[in-house]
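Residue-level structure breakdown
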Amino acid sequence: MPKRYTVTAALPYTNGPIHIGHLAGVYIPADIYSRYLREQGKDVAFICGSDEHGVAIALKAKKEGKTPQQIIDQYDQLIRESFNSFGIAFDHYSRTSRKIHHETAQEFFKILYDKGVFEEKDSEQLYDPEAKQFLADRFVTGSCPICQNPEAYGDQCESCGSTLSATELIHPQSTLSGAKPELKKTKHWYLPLNQYEDFISKWILEGHQNDWKPNVYGQVKSWVSNGLQPRAVTRDLDWGIAVPVPHAEGKVLYVWFDAPIGYISSTKEWAKEKGKDWEPYWCDKETQLVHFIGKDNIVFHCIIFPVMLKASGRYILPENVPANEFLNLEGQKISTSKNWAVWLHEYLESFPEQQDVLRYVLTANAPETKDNDFTWDEFQARNNNELVAIYGNFINRVMVLTHKYYNGFVPQPHTLHEEDKSVLQAMAQLPKKIGDSIENYRFREASQTLMSLARMGNKYLADAEPWKLIKTDPNRVQSIMYTALQVAAGLSILSEPLLPFTAQKLRTMLQLKSKSKLWEQVAHGDTLLQPKHLLGASALLFQKIEDDQMESERSKLRNAAQNNKEEQKKATPLKPQVEASQFETLDLRVAEILEAKKVKKTKKLMELTVLLGEEKRTVVSGIANDYDETELIGKKVTLLVNLKPRALKGIESQGMILLGENEAGKLIFVAPEDTQVRAGTPIK
RNA sequence: CGCGAGGUAGAGCAGUGGUAGCUCGUCGGGCUCAUAACCCGAAGGUCGCAGGUUCGAGUCCUGCCCUCGCUACCA
């Protein structure tokens, strides 16, 4: 039994607001877990904060003509408000831009540096002479060296899927200034993960095979078996935490090095405010450290950060990292850039005071084992059929009957019958059952168990039929209503971690005093509401949600995505001018598609046989998402024929079909309108 | 033949060797205290496919297929 718990939730990155995916994947589970532990009287520190460094924020600031500080202030504020309004009850929420964090992160780096943990390496990287900075990854675009796609990024070509290094790009261009980058030497510090393979293997692969989630375990295994590589922990950037060693001007800590240290600095800040000692929460072996994250963070929380902690020789390691998978929205990936999301601050405008509805839906449908889909249909169904019809209705029945029969006083029971006792006994099992689910990070299961208590209450009332007996056997009705009221009280107590707002409302309605050890009382079968106790006024806990509300949410979503798309379209910059002679080097011709076959194991690739005059050619094109094999046959398209052939998935592609994109995002062929034109005709 | 996770009733999920379950939806019935809510019952699955181990497999092994992720300013 651990002495104390340190619970962390992934630090939200302050370049956008919080959406339902964040909530479902990280913050709700972490909040339920911490609330439950507090309810058990445990010593728990639930820690989080804003992650405010890194290239993305620097880039966003440049694009919007603001300072990074303005960006992070704006989103830090918005994110705090979102968490507050949804009852995500952190013990402390800090920011990585604070002094205490800079000091903590620098000290951490310094400890590893002094121990000689890092490797120093010089390398040549692309440098933008106009913006005066080094260009990492997505700061560079250029032509893909493999498939010639002119819009490949510095880390990857989205057209052919190849992983690239920025220096491989042909005709690289800075996305900051449009300038042509030059190669320049730079020094960086690397964390030699390769030296810690044994440590990770022993700790996770051998030590946590059975208690960690399969998705987390599997990811780690995948990384380790591919061989861990040294990873740079510094960057050339003007936004971040200065590297605290000599000859490191213009260098900052890589955001992924400093962010997890944010958990520690946030804990320090909290401890200072509370007059506590922070160290036991991070250094005492009897502390259970748990990181709640999304699956994209697995490598950082299961490999990189633990290696940092281990290398420091000072800190404990996480006991578990219950990472969730991703939540989709109406069948599509949630995307900040495409504005395909339900933002928390907007949700509350549409559904004021209904935080628990979203909490419940996101818990009941949480992506615990695989990616899940959030739909407004399901949201409505869960609200109307479960929260309103089962939970809310049970409470309403009990309240109405008690007020009607006893003017709101809890009646004095007579001898309890078997059915009364068995309901109370069944309820006494639930604190442990729900607790076990939560301790094992099975929040979906916990929510189902909670709902089963309300179901049980409804069934009990239906079987006992107090509204009939009131005419013939009023004494019996007193026992029935007494029993039903105990169930209502139990429901309010056990709801606290999952539905905190509802639990509070219900307690007020029942006039149930806040005391410690309430869960224990439920488990012991104690009387929760004494006879003659006076209840408060009755109110509805949940409201039905109508179809037209859902329709308006769906159209809001579609409109937002559409507007976003149009804005982005306007923003597509023109490429530099070219000479006519350059254009003439391209050989464009009309081609007719003769055969089409989807390439197996790929999403978009289609293998096409095209007719080009007398000659037939094989071309691989990424159009399988938008076109079926059959509808392609006979189509005339424009083909770039003198593109250097290249193998895609083992098939040699001898040319590139010109494509555009229509309003709906569907790829359309740049094709000769007159279908009479002969295949092979050159285009000028 | 890259790696990982998933593939179980119309939908969403549970179920790691012993007669296939839960919630929602559908259909039928009951009740009327309750936000037409609640309660009972029924229909609906060759547990992705094929082979193997076993007295016995959704559950273990092998091969294959499909989906998602590992690669995006997104957890």
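Fair warning: this is a prediction, and the values are worked out from it, not measured in the lab.

What counts as what
Residues numbered from 1 in each chain as written. Chains lettered and ligands numbered in written order. Predicted model: local features only at pLDDT ≥ 70, side-chain atom pairs only at ≥ 80, totals over all residues. Heavy atoms only, no water. pLDDT = per-residue confidence, 0-100. Salt bridge = Lys/Arg side-chain N within 4 Å of Asp/Glu carboxyl O. Helix = DSSP H or I, 4+ residues; strand = E, 2+ residues; numbered from the N terminus. Buried < 20%, exposed > 50% of the residue type's maximum accessible area, 1.4 Å probe, protein only. Expected span 1.5 Å × (residues − 1). Bend = angle between axes of the 7 residues up to and from the residue. Axes fitted to C-alpha atoms, helices over the stretch in contact; angles between N-to-C directions. Left-handed = near helix turned anticlockwise from the far one by under 90°. Contact = heavy atoms within 4.5 Å. Nonpolar A, V, L, I, M, F, W, Y, C, P; charged D, E, K, R; others polar. Pairing = 2+ DSSP bridges.

Note that predicted coordinates carrying low pLDDT should not be read in detail. The predicted model of chain A averages 85 in pLDDT, with 85% of residues at 70 or higher. For this predicted complex, the interface confidence comes out at an ipTM of 0.88, alongside a pTM of 0.85.

Applying the stated criterion across every chain yields a total of 35 salt bridges. K295 is the salt-bridge partner of D371, the closest N and O atoms lying 2.9 Å from each other. Of the two residues, D371 sits in the loop between α11 (355-364) and β16 (372-374) while K295 sits in the loop between β13 (287-292) and α9 (298-312), which places them 76 residues apart along the sequence. Of the residues examined, D371 reaches a relative accessible area of 33% and is grouped as partly exposed. With a relative accessible area of 25%, K295 lands in the partly exposed category.

Taking 1.5 Å per residue, 20 residues should reach 28 Å; helix α7 (residues 255-274) reaches 28 Å between its end C-alpha atoms and fits that length. Bending of α7 peaks at approximately 35° at the position of G262. Here α7 lies mainly inside the structure; 17 of its 20 residues are buried.

Turning to the packing of helix α16 (residues 474-494) against helix α17 (residues 500-510), a few remarks are in order. As a packed pair, α16 and α17 sit with axes 8 Å apart at the nearest point and diverge in direction by 145°. The element α16 and its partner α17 pack so that their crossing is left-handed. When α16 is examined against α17, the residues L485, A488, A489, L491 and S492 are found in contact with a partner set consisting of A503, L506, R507 and L510. Tallied by class, residues from the contact of α16 with α17 come to seven nonpolar, one polar and one charged.

Turning our eyes to something else, we now look at the sheet that holds β13. Across the sheet, four strands lie side by side as β3-β2-β1-β13; this open sheet has parallel pairing. Of all strands in the sheet, those with a lone pairing partner are β3 (92-95) and β13, marking the two edges. Mean inter-strand twist for the sheet, computed between neighbouring axes without regard to direction, equals 20°. Sheet topology note: the strand β1 (residues 4-9)/strand β2 (residues 43-50) ladder contains five bridges and is parallel. Bridge pairing links Y5 to V44 in β2. Sitting on the sheet, helix α1 (residues 20-39) touches β1, β2 and β13, and the angle it makes with β1 is about 165°.

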